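Descriptive analysis of the structure
So the chains spell out like this:
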Amino acid sequence: MPKMKTHKGTAKRFRLTGSGKIVRRRSNKGHILEKKSPKRKRKLGQKTLVDVADTKRIKKLLVSK
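Please read these numbers as outputs of a predicted model, since none were measured by experiment. (Residues numbered from 1 in each chain as written. Predicted model: local features only at pLDDT ≥ 70, side-chain atom pairs only at ≥ 80, totals over all residues. Heavy atoms only, no water.)

1. A look at the environment of arginine 42
- Here arginine 42 shows up in helix α2 (residues 38-45).
- Given a relative accessible area of 56%, arginine 42 falls into the exposed group.
- Considering only alpha carbons, one finds arginine 42 and lysine 29, 13 residues apart in sequence, at a separation of 9.4 Å. (Helix = DSSP H or I, 4+ residues; strand = E, 2+ residues; numbered from the N terminus. Buried < 20%, exposed > 50% of the residue type's maximum accessible area, 1.4 Å probe, protein only.)

2. Things to note about the environment of isoleucine 58
- Its place among the elements puts isoleucine 58 in helix α3 (residues 52-62).
- The spacing of isoleucine 58 and phenylalanine 14 is 44 residues in sequence and 8.3 Å in space, taken between C-alpha atoms.

3. Quick notes on the pattern of salt bridges
- The full count for this structure, using the stated rule, is 1 salt bridge.
- The salt bridge involving arginine 57 is made with aspartate 54; its shortest N-O contact spans 2.9 Å. Of the two residues, arginine 57 and aspartate 54 both sit in helix α3, 3 residues apart, roughly one turn of that helix.
- Taking relative accessible area as the criterion, arginine 57 reaches 53% and is therefore assigned exposed.
- Among the residues examined, aspartate 54 registers a relative accessible area of 27% and is labelled partly exposed. (Salt bridge = Lys/Arg side-chain N within 4 Å of Asp/Glu carboxyl O.)

Dropping the structure here:
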C-alpha cells in the first residue's frame, strides 16, 4: 500500500502545536476592513485553536503516514 500524502491545502492553512492542538488563522481579515473597528481587526489578526469537533478530520489530512 502506498504512503499517505499530506493534504497540501490543509498544510498551508493549519499548524500543529507542540501539545498536538491545531492552530488556524481567523477569517474576515482579507478585505472590507474600513468598516471594521481597530479592536476587531486586532483580534482577527491573532491565531486561534480549531474546534475539538474538527481536530480529528484535520489531523488526518495533516499527518502523513
